[in-house]
Amino acid sequence: MCGIAGFWTDSASPRGDHARNVARGMADAICHRGPDSSGEWIDTAAGIALAHRRLSIVDISAAGAQPMVSASGRNVIVFNGEIYNHRELRSELERAGAAPAWRGHSDTETLLAAIEHWGIEASLVRLTGMFAFAVWDTRARTLSLARDRMGEKPLYYGWTGQTFLFGSELHALEAFPEFGASIDRRAVAAYVRYSYIPAPHSIYQGISKLPPGMWLHVTTANPALTPEPQQYWSLDNVVSNGTDARHAAAPLNAASDLETLLQEVVASQMLSDVPLGAFLSGGIDSSLITALMQKHSSRPVRTFSIGFDDPRFNEAVHARAVATHLKTDHTEFIVTAKDALAIVPDLVKVFDEPFADPSQIPTILLSRLTRQSVTVAMSGDGGDEIFGGYNRYLFGPQIWNRLGHLPKSLRTGLGAAARGAQRFTTTSAAAPLTALATKMGLPITTIDKFSKFGGAIGRSQDFDAFYKDIISTWPDPNEIAVNGVEAESLLDRRIAGWGPKHNAERMMALDALTYLPDDILVKVDRSAMSASLETRVPFLDRRVVEHAWRLPLSVKIKGHTGKHILREILYRHVPRDIVERPKQGFAIPIDTWLRNDLRDWAESLLAKDKLASGGLFKPNVVRQTWDEHISGRDNHGWRLWSVLMCQAWLGQRRTKLARTNTHNATSVTGAVL
């Protein structure tokens, strides 16, 4: 796992040392992604600079250092990620007589040889792994960028003036001396809806995220001639082909076949030259990955979990039970409100653009805890989207099928009643009900979720609108954003008339296209890399994803239970009573924290003058929402968190701009190359 950055300009100049310093500064802005070493490669005549920060995982010798030049000298690469099948690719190249005299055993060297022999696109379709990379062709003078199929590794790109920039994080692009992109208000409106900025947009105008499964071939350092990204793998096609080809009934040995595949994938991802462990929440996904790891390990697997001192949100006890049964070497950390308060100032440094999934706090803390012992951690992420684990897949279609046909006025009334029930839970009179829910093992967020479903059913004209509403933090961005016109997202392009016929599968597919890469994987990548920790996600191996979409929905969702096939496999390794409980998710007591330990911090960011000077949110609406929350009249923790994270990011951006302006005022102006 590493960090990459670079630029290409047609403003050539002989000042190579200055270009090297600029490239190094871009990479150093993301040094947390690669603390072990760094490197730059410059071609002054061509106007290209590549930079790299290295976190040594495979071939930790100098033979794996980057930027790496191919054996022929034609191609130069900076690479972030892991190619799990690179040994097989080496063998294939050797059989074809296309292998160079190998300098080491890094996957980067294998990828370079593959590109020289097969070309970029033909190599991409052969790769199994997670990655983002940039390749400069010294002969053709072209730059190619590529990103993995499911979006595990990030890659931003765009123009500032006549210079093309790219990097693993926006921090790298912001470090370019002439970077001057403006905030994209349409992206802010989309952020208000989702609590993340959906691809291909970023917080900045003119700067894009390369979508998953795509590559970009830039042939000239001219912004007017930048082509559109090309797709080498399509989840759309995987979903369509899988659902079209499947049989109505599940294969006789469906669970055994999937277990065999998962064992192969987990084994391939356990290859590492540095210590490796696993995140363990005690839920279905992480418990299954840990169980399969333990089966392939000759010693106890290192496992790590996090919990809360609030018993309503604490799942550490479940992780401990799984760890005890599997005999792992287990470490846990209990988070207090004080711990959360301490991490809050770091959030805008960890996340390079506004991002407001509150579980980012425990994810960062878990990553830091894990990094104290290992350099690589396996994660169970992706199991929900691929195998039907979220509650909305279970209850959403049922609620719509039962109530969607009712007159809108009646549905609106039902929604208001659900909201009333949710507000009741914020009062002291609700304490006995909350205690009963906890005793019954129900997630504390259950009533909030049904309130959200109720509000959505009252506002929606069809199921697609219902789905979009229930995944929205603010269903109407115009209510809170100064400019409420949203940037079009991949979801907007897909939602009408696309995807599987069954509503649960439609939700799963849309989540895998949008929420998974833009929220879940962003959270895991930035949190882990801020601690210089590599994470690997077996459920998102392309073989697993493609296999899963060939399975009928009935093996994933059975009655009121999601991830049925994963449970069936897990029960072969862990007793049912240890892991069988309602899905909680990585929830945190954000409502309580904002009313207590985080109240002063929140109040300072939500002051009317700060909201007005920021210019992104309507001060009166924000203040009314805040007053309702702190008074206990309603729960608005998630909504307020989205505003708070954006306000905190704005504050950091002002500080950065002030420092940059001061630096530029005292520096020598001129071309970077």
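Residues numbered from 1 in each chain as written. Predicted model: local features only at pLDDT ≥ 70, side-chain atom pairs only at ≥ 80, totals over all residues. Heavy atoms only, no water.

Next up on the list: the overall build of the protein chain. Scanning the protein chain from terminus to terminus reveals 30 helices and 17 strands. Across the 673 residues that make up the protein chain, the buried fraction comes to 60%. Sequence separation of 24 or more characterises 75% of the internal contacts of the protein chain that already satisfy a separation of 6 or more. A total of about 25,100 Å² of accessible surface is found on the protein chain, and carbon and sulfur atoms cover 52% of it. (Helix = DSSP H or I, 4+ residues; strand = E, 2+ residues; numbered from the N terminus. Buried < 20%, exposed > 50% of the residue type's maximum accessible area, 1.4 Å probe, protein only. Contact = heavy atoms within 4.5 Å. Areas by Shrake-Rupley, 256 points an atom, 1.4 Å probe, with all protein chains shown as cover.)

Our focus in this paragraph is helix α22 (residues 515-530). For α22, which comprises 16 residues, the first-to-last C-alpha distance of 21 Å matches the rise-based estimate of 22 Å (1.5 Å per residue) to within 8%. The largest bend in α22 comes to about 35°, at leucine 521. With 14 of 16 residues buried, α22 is to be regarded as a mostly interior element. Positive backbone phi, at 55°, marks serine 532, one or two positions downstream of α22. (Expected span 1.5 Å × (residues − 1). Bend = angle between axes of the 7 residues up to and from the residue.)

Turning our eyes to something else, we now look at the environment of glutamate 228. Checked against the element boundaries, glutamate 228 lands in the loop between β11 (214-218) and β12 (230-231). Looking at glutamate 228, the relative accessible area reads 66%, which means it is exposed. Along the primary structure glutamate 228 and tryptophan 215 are separated by 13 residues, whereas in three dimensions their C-alpha atoms are 9.1 Å apart.

Take the confidence of the model for the protein chain next. Averaged over every residue, the pLDDT of the protein chain is 88; residues scoring 70 or more account for 87%. In the model, residues 436-444 has pLDDT below 50 throughout and makes twelve contacts with residues more than four positions away in sequence or in other chains. Across residues 664-673, confidence stays below pLDDT 50; counting only partners more than four residues off in sequence or on other chains, it has 28 contacts. (pLDDT = per-residue confidence, 0-100.)

Among the five residues that make up strand β8 (residues 156-160), five are buried, leaving the element largely enclosed by the rest of the structure. A two-sided burial pattern is seen for β8, the buried positions comprising Tyr156, Gly158 and Thr160 on one face and Tyr157 and Trp159 on the other. Where β8 and strand β10 (residues 207-209) come together, three bridges link them in antiparallel fashion. Looking at β10, one finds that glycine 158 is bridged to isoleucine 207. The pairing of β8 with strand β9 (residues 163-167) spans five bridges and is antiparallel. (Pairing = 2+ DSSP bridges.)

Here we take up the packing of aromatic side chains. Taken as a whole and judged by the stated rule, the model has 17 aromatic pairs. With centroids separated by 5.5 Å and ring planes inclined at 20°, the aromatic side chains of tyrosine 194 and tyrosine 196 adopt a geometry described as stacked. Just as tyrosine 194 is buried, tyrosine 196 falls in that class too. One aromatic cluster is present, built from ring pairs that chain together Phe79, Phe131 and Phe133. It is arginine 90 that lies over the ring of tryptophan 102; its NZ or CZ is 3.9 Å from the centre. A cation over a ring is seen here: arginine 392 above tyrosine 390, with NZ or CZ 4.7 Å from the ring centre. (Phe/Tyr/Trp six-rings, centres within 6.5 Å; stacked < 30°, edge-to-face > 60°. Lys NZ or Arg CZ within 6 Å of the ring centre and 35° of its normal.)

Now for the environment of serine 642. Within the secondary structure, serine 642 sits in helix α30 (residues 637-666). In this structure serine 642 comes out as buried when scored by relative accessible area, which is 1%. Sequence separation between serine 642 and arginine 193 is 449 residues; the distance between their C-alpha atoms is 9.1 Å. A polar atom in the side chain of serine 642 sits 2.6 Å from the backbone oxygen of arginine 639. (Polar contact = N/O pair within 3.5 Å; in protein donor to acceptor, adjacent residues only side chain to side chain.)

This part takes up the pattern of salt bridges. Scanning the entire structure with this criterion turns up 32 salt bridges. With a closest N to O distance of 2.6 Å, arginine 572 and glutamate 259 form a salt bridge. In this pair, arginine 572 sits in the loop between α24 (564-570) and α25 (576-579) while glutamate 259 sits in helix α8 (residues 254-269), placing the two residues 313 residues apart along the sequence. Two residues, arginine 368 and aspartate 346, come together in a salt bridge whose shortest N-O distance is 3.1 Å. (Salt bridge = Lys/Arg side-chain N within 4 Å of Asp/Glu carboxyl O.)

All right, on to the sheet that holds β9 then. Strand order in the open sheet formed by six strands is β2-β3-β1-β9-β8-β10, and the pairing between neighbours is antiparallel. Only two strands of the sheet have a single partner each, and these edge strands are β2 (37-43) and β10. Between one strand and the next, the sheet's axes are offset by a mean angle of 10°, whatever the strand orientation. (Axes fitted to C-alpha atoms, helices over the stretch in contact; angles between N-to-C directions.)

This part is about the sheet that holds strand β7 (residues 142-147). Adjacent strands of a sheet form backbone hydrogen bonds with each other and so pair up, either parallel or antiparallel. Taken in spatial order, the six strands make up an open sheet running β4-β5-β6-β7-β11-β12, and their pairing is antiparallel. Looking along the sheet, the strands with just one partner apiece sit at the ends: β4 (68-69) and β12.

Right, let's talk about the side chain of glutamine 360 for a bit. Relative to the helices and strands, glutamine 360 is located in helix α13 (residues 360-371). Non-local contacts of glutamine 360, meaning those with residues more than four positions away in its chain, are made with Leu347, Phe351, Phe355, Lys523, Ser527, Trp641 and Met645.

Before going further, it helps to spend a moment on the packing of α8 against helix α9 (residues 284-295). Here α8 crosses α9 at 70°, and the two axes come no closer than 10 Å. By the angle class used here, α8 and α9 are roughly perpendicular. As α8 packs across α9, the resulting crossing turns out to be right-handed. Along the contact surface, α8 presents Glu259, Leu262, Gln263 and Val266, while α9 presents Leu288, Ile289, Leu292, Met293 and Lys295. Looking at the contact of α8 with α9 residue by residue, the classes come out as six nonpolar, one polar and two charged. (Parallel < 35°, antiparallel > 145°, perpendicular 65-115°, else oblique. Left-handed = near helix turned anticlockwise from the far one by under 90°. Nonpolar A, V, L, I, M, F, W, Y, C, P; charged D, E, K, R; others polar.)

Bringing the nonpolar core into the picture now. The biggest cluster of nonpolar side chains holds 178 residues, and the ones touching the most others in it are Phe133, Leu235, Ile361, Trp593, Leu594, Trp601 and Trp641. When residues of this core are assigned to their parent elements, the largest contribution, nine residues, is made by α30. Excluding residues within four positions of it along the chain, tryptophan 601 makes contact with Val344, Leu594, Trp641, Leu644 and Met645. By size, the runner-up hydrophobic cluster in this structure holds 23 residues, among which are Ile48, Leu50, Trp136 and Leu210. (Core = buried A, V, L, I, M, F, W, Y, C linked by side-chain atoms within 4.5 Å.)

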